[in-house]
There are 4 protein chains.
Amino acid sequence: MNHPFLDLPPLTVEHFASIERRVAELLGTRQDVVITQGEALLPLEGCIRSAARPGSTALNIVTGPYGTTFGNWLRDSGAAVVDLAVPFDTAVSAPAVARALAERPEIDFVSLVHAEAATGNTNPVAEIGEVVRAHGALFMLDAVASVGAEPLLPDAWGVDLCVIGAQKAMGGPAGVSAVSVSERAWARFAQNPAAPRRSYLSLLDWKERWIDGGRKALLHAPAQLEMLALEACLDRIAVEGLTGVTARHAAASAATRAGAVALGVAPYVPLDAQAAPVATTLRVADASLVVARALAADPAAPLAAGGGALGREMIRVNHYGADAALPVVRACLTALAEALSADPSEALASAEAAWAAALH
Amino acid sequence: MNHPFLDLPPLTVEHFASIERRVAELLGTRQDVVITQGEALLPLEGCIRSAARPGSTALNIVTGPYGTTFGNWLRDSGAAVVDLAVPFDTAVSAPAVARALAERPEIDFVSLVHAEAATGNTNPVAEIGEVVRAHGALFMLDAVASVGAEPLLPDAWGVDLCVIGAQKAMGGPAGVSAVSVSERAWARFAQNPAAPRRSYLSLLDWKERWIDGGRKALLHAPAQLEMLALEACLDRIAVEGLTGVTARHAAASAATRAGAVALGVAPYVPLDAQAAPVATTLRVADASLVVARALAADPAAPLAAGGGALGREMIRVNHYGADAALPVVRACLTALAEALSADPSEALASAEAAWAAALH
Amino acid sequence: MNHPFLDLPPLTVEHFASIERRVAELLGTRQDVVITQGEALLPLEGCIRSAARPGSTALNIVTGPYGTTFGNWLRDSGAAVVDLAVPFDTAVSAPAVARALAERPEIDFVSLVHAEAATGNTNPVAEIGEVVRAHGALFMLDAVASVGAEPLLPDAWGVDLCVIGAQKAMGGPAGVSAVSVSERAWARFAQNPAAPRRSYLSLLDWKERWIDGGRKALLHAPAQLEMLALEACLDRIAVEGLTGVTARHAAASAATRAGAVALGVAPYVPLDAQAAPVATTLRVADASLVVARALAADPAAPLAAGGGALGREMIRVNHYGADAALPVVRACLTALAEALSADPSEALASAEAAWAAALH
Amino acid sequence: MNHPFLDLPPLTVEHFASIERRVAELLGTRQDVVITQGEALLPLEGCIRSAARPGSTALNIVTGPYGTTFGNWLRDSGAAVVDLAVPFDTAVSAPAVARALAERPEIDFVSLVHAEAATGNTNPVAEIGEVVRAHGALFMLDAVASVGAEPLLPDAWGVDLCVIGAQKAMGGPAGVSAVSVSERAWARFAQNPAAPRRSYLSLLDWKERWIDGGRKALLHAPAQLEMLALEACLDRIAVEGLTGVTARHAAASAATRAGAVALGVAPYVPLDAQAAPVATTLRVADASLVVARALAADPAAPLAAGGGALGREMIRVNHYGADAALPVVRACLTALAEALSADPSEALASAEAAWAAALH
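Everything quoted here is computed from the prediction, not taken from an experiment. (Residues numbered from 1 in each chain as written. Chains lettered and ligands numbered in written order. Predicted model: local features only at pLDDT ≥ 70, side-chain atom pairs only at ≥ 80, totals over all residues. Heavy atoms only, no water.)

Remarks on the overall build of chain A
Regarding its fold elements, chain A presents 12 helices and 11 strands. Taking the principal axes of its C-alpha atoms as reference, chain A extends roughly 60 × 60 × 35 Å. The burial tally for chain A puts 62% of its 360 residues in the buried class. Across chain A, the fraction of contacts at a sequence separation of at least 24, relative to all contacts at a separation of at least 6, is 70%. Taken as a whole, chain A presents about 12,800 Å² of accessible surface, with 56% of it coming from carbon and sulfur. Averaged over its 26 positive side-chain charges, chain A has a centre that lies 5 Å from the centre of its 37 negative ones. (Helix = DSSP H or I, 4+ residues; strand = E, 2+ residues; numbered from the N terminus. Buried < 20%, exposed > 50% of the residue type's maximum accessible area, 1.4 Å probe, protein only. Contact = heavy atoms within 4.5 Å. Areas by Shrake-Rupley, 256 points an atom, 1.4 Å probe, with all protein chains shown as cover. Lys, Arg positive; Asp, Glu negative; His and termini not counted. Charge placed at Lys NZ, Arg CZ, Asp CG, Glu CD.)

Examining the relation of the copies chain A and chain C
Mapping chain A onto chain C calls for a rotation angle of 180° and an axial translation of 0.0 Å; the resulting RMSD is 0.0 Å. One copy is carried onto the other by what is essentially a two-fold rotation axis. Both copies share a contact surface, since 100% of the interface residues of chain A are interface residues in chain C too. (Least-squares fit on C-alpha atoms with pLDDT ≥ 70 in both.)

Observations regarding the domain arrangement of chain A
Residues and elements named next belong to chain A. Each assigned domain of chain A is listed with its residue range as follows: domain 1 (13-238) and domain 2 (241-358). Averaged C-alpha coordinates put domain 1 and domain 2 at centres separated by 29 Å. On the domain 2 side, the residues contacting the 23 residues of domain 1 number 22 residues. When domain 1 packs against domain 2, close to 1,700 Å² is buried across both sides, 61% of that on carbon and sulfur atoms. Taken together, the links from domain 1 to domain 2 amount to one salt bridge. The salt bridge involving aspartate 89 is made with arginine 283; its shortest N-O contact spans 3.3 Å. On inspection of domain 1 and its partner domain 2, the count reaches eight residue pairs in polar contact (both at pLDDT 80 or more). In terms of residue class, the side of domain 1 that touches domain 2 is made up of 11 nonpolar, eight polar and four charged. (Domains from an automatic or database assignment. Buried area = accessible area lost by both parts, 1.4 Å probe. Salt bridge = Lys/Arg side-chain N within 4 Å of Asp/Glu carboxyl O. Polar contact = N/O pair within 3.5 Å; in protein donor to acceptor, adjacent residues only side chain to side chain. Nonpolar A, V, L, I, M, F, W, Y, C, P; charged D, E, K, R; others polar.)

Quick notes on helix 1 (residues 13-27) of chain D
Residues and elements named next belong to chain D. Here helix 1 contains 15 residues, and its C-alpha end-to-end distance of 21 Å stays within 8% of the 21 Å for a straight helix at 1.5 Å per residue. For helix 1, the buried fraction is high: 11 of the 15 residues fall into the buried class. For helix 1, the complete set of buried residues consists of Val13, His15, Phe16, Ala17, Ser18, Ile19, Glu20, Val23, Ala24, Leu26 and Leu27. Where helix 1 ends, the next residue or the one after it, glycine 28, has phi of about 55°, a positive value. (Expected span 1.5 Å × (residues − 1).)

Remarks on the interface of chain A and chain B
With 40 residues of chain A at the interface, the matching set in chain B holds 40 residues. With both chains or domains summed, chain A and chain B bury close to 3,100 Å², and 65% of this area falls on carbon and sulfur atoms. Taken together, chain A and chain B are joined by two salt bridges. Residue arginine 236 of chain B pairs with aspartate 7 of chain A through a salt bridge whose shortest N-O separation is 2.8 Å. Across the contact surface, chain A and chain B share 15 residue pairs in polar contact (both at pLDDT 80 or more). When residues of the side of chain A that touches chain B are traced back to their parent elements, those giving at least two are helix 2 (41-51), helix 3 (65-76) and helix 8 (224-240) of chain A. Tallied by class, residues from the side of chain A that touches chain B come to 21 nonpolar, 10 polar and nine charged.

Some details on the side chain of histidine 3 of chain A
Residues and elements named next belong to chain A. By secondary structure assignment, the location of histidine 3 is in the segment before helix 1 (13-27). Classification of histidine 3 by relative accessible area gives buried; the value is 9%. Polar side-chain contacts of histidine 3 include one of 3.0 Å to the backbone nitrogen of phenylalanine 5.

Notes on the interface of chain A and chain C
A common way to express how large an interface is: the accessible area buried when the components associate. Listed by partner, the interface residues are 10 residues for chain A and 10 residues for chain C. At the boundary of chain A with chain C, the tally comes to zero salt bridges. The interface formed by chain A and chain C includes zero residue pairs in polar contact (both at pLDDT 80 or more). Split by residue class, the side of chain A that touches chain C holds six nonpolar, two polar and two charged.

Quick notes on the sheet that holds strand 8 (residues 266-267) of chain A
Residues and elements named next belong to chain A. Here four strands make up an open sheet; going across it, the order is 8-9-11-10 and the pairing antiparallel. With partners counted over all chains shown, the strands left at the sheet margins are strand 8 and strand 10 (303-305), one partner each. Here strand 8 pairs with strand 9 (residues 279-283) via two bridges, running antiparallel. Bridging from a neighbouring strand, alanine 266 pairs with arginine 283 of strand 9. (Pairing = 2+ DSSP bridges.)

With respect to the confidence of the model for chain A
Looking at chain A, pLDDT values average 96 and 100% of them are 70 or higher. Scored as a whole, the predicted complex attains pTM 0.88, and scored at its interfaces, ipTM 0.96. (pLDDT = per-residue confidence, 0-100.)

A look at the pattern of salt bridges
Two side chains carrying opposite charge are able to pair once their charged atoms lie near each other. Summed over the entire model, instances satisfying the criterion amount to 59 salt bridges over all chains. For glutamate 352 of chain C, the salt bridge goes to arginine 330 of chain C, with nearest N and O atoms at 2.0 Å. Highlighted residues: glutamate 352 of chain C in helix 12 (residues 345-359) and arginine 330 of chain C in helix 11 (residues 326-339), separated in sequence by 22 residues. Salt bridges sharing partners connect three or more residues here, namely Glu45, Arg49 and Asp76 of chain A.

Concerning the pairing of strand 3 (residues 80-85) of chain D
Residue and element names in this part refer to chain D. Examined bridge by bridge, strand 2 (residues 57-62) and strand 3 share six bridges and lie parallel to one another. Across the sheet, leucine 59 pairs through a bridge with valine 82, a residue of strand 3. Read from strand 2 through helix 3 (residues 65-76) to strand 3, the crossover connection turns out right-handed. (Right-handed = clockwise from strand over helix to strand, strands pointing away.)

Focus: the relation of the copies chain A and chain B
For the pair of chain copies, the relating transformation is a rotation about an axis with a translation along it. With an RMSD of 0.0 Å, the fit of chain A onto chain B corresponds to turning through 180° and sliding 0.0 Å along the axis. With an isologous cut-off of 70% or more, the 100% of interface residues of chain A that recur at the interface of chain B puts this contact in the isologous class.

Overview of the packing of aromatic side chains
In this description, a pair of aromatic rings is defined by centroid distance and the angle of the planes. Per the stated rule, a full pass over the model turns up 22 aromatic pairs over all chains. For the ring pair phenylalanine 5 of chain C and phenylalanine 5 of chain D, a centre distance of 5.1 Å and an interplane angle of 85° mean the geometry is edge-to-face. Placement of phenylalanine 5 of chain C in the segment before helix 1 (13-27) and of phenylalanine 5 of chain D in the segment before helix 1 is noted, with the two residues assigned to different chains. Residue classification places phenylalanine 5 of chain C among the buried positions, given a relative accessible area of 6%. Aromatic pair phenylalanine 16 of chain C and tryptophan 206 of chain C: ring centres 6.0 Å apart, planes at 5°, arrangement stacked. Residue phenylalanine 16 of chain C is found in helix 1, and its partner tryptophan 206 of chain C is found in helix 7 (residues 204-211); the two are separated by 190 residues along the sequence. Summarising the burial analysis for this pair, phenylalanine 16 of chain C and tryptophan 206 of chain C share the class buried. Aromatic rings pair up to connect Phe16, Trp206 and Trp210 of chain A into one cluster. (Phe/Tyr/Trp six-rings, centres within 6.5 Å; stacked < 30°, edge-to-face > 60°.)

Thoughts on helix 3 (residues 65-76) of chain C
All names here are of chain C. Between the first and last C-alpha of helix 3 there are 17 Å, a value that for 12 residues agrees with the 16 Å anticipated at 1.5 Å per step. Taken together, the buried positions of helix 3 are occupied by Gly67, Phe70, Gly71, Trp73 and Leu74. Looking straight down helix 3, one finds that the buried residues subtend no more than 165° of arc, so they occupy a single side. In this fold, the buried residues of helix 3 make contact with helix 2 (41-51), strand 2 (57-62), strand 3 (80-85), strand 4 (107-113) and strand 5 (138-142). (Arc of directions from axis to C-beta.)

Brief notes about the environment of isoleucine 164 of chain A
All names here are of chain A. Note that isoleucine 164 resides in strand 6 (residues 161-165). Here the alpha-carbon distance between isoleucine 164 and leucine 41, two residues 123 residues apart in the chain, equals 9.7 Å. Isoleucine 164 has contacts with Val23, Leu27, Ala40, Ala143, Val144, Val147, Leu152, Met170, Ser177 and Ala178, leaving out every residue within four places of it along the chain.

Describing the pairing of strand 6 (residues 161-165) of chain D
Residue and element names in this part refer to chain D. Counting buried positions along strand 6 yields five of five residues, so the element is predominantly enclosed. Taken together, the three bridges between strand 5 (residues 138-142) and strand 6 define a ladder with parallel strand orientation. Residue pairing for strand 6: methionine 140 is matched across the bridge by leucine 161. In this sheet, strand 7 (residues 177-181) lies alongside strand 6 in antiparallel orientation, the contact comprising five bridges.

Thoughts on the sheet that holds strand 8 (residues 266-267) of chain B
All names here are of chain B. The four strands lie next to each other as 8-9-11-10, forming an open sheet whose pairing is antiparallel. Single-partner strands in this sheet number two, and they are strand 8 and strand 10 (303-305). Sheet contacts for helix 9 (residues 242-262): strand 8, strand 9 (279-283) and strand 11 (314-318); angle to strand 9, the most-contacted strand, approximately 15°. Strand contacts of helix 10 (residues 287-297): strand 10 and strand 11, with the helix running at about 155° to strand 10, the strand carrying the most contacts. (Axes fitted to C-alpha atoms, helices over the stretch in contact; angles between N-to-C directions.)

Digging into the side chain of serine 182 of chain C
Residue and element names in this part refer to chain C. With respect to the helices and strands, serine 182 occurs in the loop between strand 7 (177-181) and helix 6 (183-191). Accessibility expressed as a relative area gives 6% for serine 182, which makes it buried. Among the polar contacts listed, one links the side chain of serine 182 to the side chain of aspartate 160, at a separation of 2.8 Å. Aside from chain neighbours lying at most four places away, what touches serine 182 is Gln31 and Asp160.

Shown next as structure tokens:
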């Protein structure tokens, strides 16, 4: 009884290391990259618990729901936490970060989510990174919803810990993830007696036993199928070209926004420059009801109401991975038009024009 | 660019829950089962860190290398630890466990590895379970190397925490794993303020947000490919029948042992009843050298030298999953005979007779 | 760059032969089975061109579109052809076949389609087989649309050439197919100087070089992926049980017919006993338009208008393979109700009752 | 019960057509390409039976075993056949073809195998094509063993019928194949009353119903898995680049030949320019015995004895697809050295030097 998911030849350490190198190439980073054997929450938690400890002070920038999660881990690790929250329909600005750092010179760790799939905004990481570097704090970036969708240059931007997953714009698996770690981040982890060690959460284990050991033996059996799927999506990105992939996401965002406006629907994030290319959020009354109607018209449209309280006023149009495509944008706009009893023709024309202009 | 590992329709929560139920059926358990999204070390660590805390006392039975890992986690969690170690070529006995428990009535947690793939022994869990239950301690069993290879009856044996992975006798993936949790284990976790919560290590998160929430939403995106591979190996086991699968492993063990004796090689674990059906260990001088010669003769033979210091005196013949098959046993014996400059014919005849007798 | 469809270890002849044996088991036949490396039209054409020749006379029973194809091949091979056509909304009867045979004693070949997916009828093969056997002609049955959906007993029914494909009720691939061949069919082929030899169309090549050669070498590289998919669908049928699979198809047929009647729509094939379990055809005015509306309401519903002129008056509801399931039947009825501006509730209730009664 | 080979969404006609276009791009042809739903013998037979008929005269160039097969089909179709056979250790020359054509001006069809995997030679198709074009005959080329391994330019070379399969240098599936067809070949087929029509062998069916019908409907359900595998191997070739793939095969050939010579073994095809890049044949006494010894030393080495009588004097070293790699060449040479009780070190050094020089 054959099954292509079973009886695979074991993933060799050389093969594992080659996938690691390809993730590093995708990120354009010269730092160490660790492919963590779990969803991206695993390395995010591992980074925070390795870096934070009693006595440290963290600036936690909250531009969406994950900021709350990071704050919990930081407090749980004993750090003092300064939360810098901005409304979910906007981005944080570098000057705001600079002010927060200036007020608390002891801040030694900054956490930021690059793009928020849940709320549809994206933050100016390059500028923020400059401010954080000038201050001297360690800088952790959650790039799960930006990698593949928009430019991501961790080394140029001074990111010490850049966490990615493949399940959004990369069109890949969710079961493994990766983090790039700067030398000074490794040093900070090593000096922290409370950093996870000999633990599934530990990044230091990977440093000491995998990287420093010459990549001869993995810590445990890897999630082989997820690793192969990660490699397959990297292959596919190589065929299209990374700039082609990000351009496609930018076009999907521009087309969705243009189409929504033509339908009389306001983008939730007003400024184009602050709109995340993975997903477009829209401000609509009775959002859950409208989404239900739209899905009745087209059950395959990648639409969702906002999570929690946002379900009353926000619709999320996902356009990442294979869904960053003009036919999918068209299908979403058509379903929304039907749900709103509107004529879709102008929206479709606007979307197509915006798509073409973006890819020009 | 198509790839069967990419662009899969999302794994629904109903599908996830159905795989969970099938794991529970495989274990014949009425307890809750959690499919943890990482290698089996994840739930093992999660169990220990959830159960142990300052003030608790653990009996850690050490019959192979994993016992050391468990002891480290127990100490790290603040528990007092009594290590009960037996030589790696034998099993622990229920009376020995009873004595250890009698000496320290405050013991409230017992950890045991069922079968040791690394050393080739297996322990009498039914008898030990009876002793532990009489004492009243929580009982954690690492059944990764026994599930599918030998009888495993966690409920009948009083196991509170039974951890499995699919990568050995089940012939499945390593990237997800599972644990069955008794009601009193859940209660113990809930009372432990230091138990991991809101963490990748947390089992309580699964209890509170997945199980008690009616299995409506997962904690995060699952390792979908590993889940599908787990389901596929359960399908395959259903076709063969679980008793057929375990009988095949028992036959492989019997055949390997008989063949080795005919080659003049002593089993590392002298007693048949203490020999693990997943792997047969052999006592051979210069084991690493002999393994190198055997692999030169047949690079595909599932042979390895013992880990660490055992590499001087132990050869491990793996026969789990698809390798629990007479042709594989034959190939291993042939390669060993070549490495030892011995005639394989008697060994092969003995192995075949033992295989047939075991399956009779 | 990994891909599970590439770099597979070669399919061994033993493995190929084992799949062949499993097809024979599925058919319950003791005749030779050949797995032909192409769609089922390949062995159907191979059978006819091997059996028919100038001087032979064939009775070609036409109960759907494939009958025309068979007639063309028969004439092309130089045989005299008697077409026995019945309206597409009914089955042919054994007495009608008997009369046709009695009129032309020289008939030495009879071709019949068991079930017609295109028109939704099915024929009483057991009774017809008895008549054909009494007459002495060679009997070819196209069972592509019946295998897995309804009882199929080629040996008991006196079928000399039983052709199947896996793409309908078996839920498998279309790229390989199979035919069972009786001893007297082989003898007939061998005596025919015009039978294809050394040809992709040749069945005699398989007999002489594969079967009589002891199944040591295939004629050419096989369609390996299709072979593995065929094996996988046989595995799945084994898990469910063949009678379970056919019962599910019968229930889908009963439920669809009951639901249609409740919607005020007449089955195209009036008699239940003549209705094919793979697909239910319905008599509806402006069928193409109604189907378009139904698919607008639910693009995933397995509905189609009849082919050619039937598109004006026939809708086909497919319910084979994974679609032989109550939720799919419900979805089809709901979409049809929407297209007809009818209330679906009574239809759904009738369908569910019929489903339950059929599986009782 | 999930299986990645089952329950795939149907292959759309657009998708099928896109794979067809990609094959045309690979061949750099502006002619029609048909992806035939069977092994490459299917289109080869289809071409010959469509082009040849009583009254036509064919020049059948025989440089390996397939030439015999082609001759049989040509004679079977009623054509007069001129066989131009050359010894299997050499190539046919363009002047020899010119002479044969000059002797029989009525020749209207020429069949040639580009590279012979079975005998290891390759023919100068560009020069031969020029001669055939000057003569005016239809030119059929079997390029199964050359596509991906060496330059293949059917349009520039005047090939009217170029047949390929993906199972050799392309590293793809064997179950579908393809043929490019020139306008004048279509015309010839159309004028041949005996050309297969309404048949699995028919190429005209594809022309009339698929191509001329605007590629709206396939002739029958396709071999979907094989089609997807074909697409996947085209993707992989696109990543490496076609010239990279052919360069790798050339390097494998050069390295194998250099290594063999260093071992004291003569290439079966003496001239480098006549050696096929897919496989290197060697002249060795008692070839079958030597191969048996070599495979005992390394069962995974892609070595075989020559077929039939060649088994006494020829060894074939395959190096196509994933095996066109330096480690595989090294493994073959090491196993051969062991079988010949020779020291492999010089052979390995020569092979590595030749590999490097070829890729320089």
